[in-house]
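Residue-level structure breakdown
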Amino acid sequence: MSDEPSADEEVCGDSYDHDVVVDHEDADGIQWHCARSECGVEVWDPAPITEQ
Ligand SMILES: [Zn+2]
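A few points on the structure. (Residues numbered from 1 in each chain as written. Predicted model: local features only at pLDDT ≥ 70, side-chain atom pairs only at ≥ 80, totals over all residues.)

With respect to the sheet that holds strand E1 (residues 20-26)
Within the open sheet, the three strands sit side by side as E1-E2-E3. Their pairing is antiparallel. Here the strands that pair on one side only, and so sit at the sheet edges, are E1 and strand E3 (42-46). Direction aside, the axes of adjacent strands within the sheet are offset by 20 degrees on average. As paired strands, E1 and strand E2 (residues 29-34) are joined by six bridges and run antiparallel to one another. If you follow Val 22 over to E2, its bridge partner there is Trp 32. (Pairing = 2+ DSSP bridges. Helix = DSSP H or I, 4+ residues; strand = E, 2+ residues; numbered from the N terminus. Axes fitted to C-alpha atoms, helices over the stretch in contact; angles between N-to-C directions.)

What about the environment of Asp 23?
Checked against the element boundaries, Asp 23 lands in strand E1. On the neighbour-count criterion, Asp 23 (11 C-beta atoms within 10 Å) is exposed. When the C-alpha atoms of Asp 23 and Val 43 are compared, they prove to be 9.9 Å apart, with 20 residues separating the residues in sequence. For Asp 23, the residues in contact, after removing those within four places along its chain, are Gln 31, Trp 32 and His 33. (Buried ≥ 20, exposed ≤ 12 C-beta atoms within 10 Å, placed from the backbone. Contact = placed C-beta atoms within 7 Å.)

A word on the pairing of E1
Among the seven residues in E1, zero count as buried, and that is only a small part of the element. Connecting E1 to the next strand, E2, in antiparallel fashion are two residues.

Next comes the structure, spelled out in structure tokens:
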């Protein structure tokens, strides 16, 4: 009963966008984290591979 996720609960990155802070960015991709302490997600987004 108590383990059911609340449909009313707001989820960062789902109900609203992450508060993105870019830590590192280069040709290989972007490392960023969410500034909201209750979220704390860290993400590495690889840059699209462009063949030359
Ligand atoms: Zn977040």
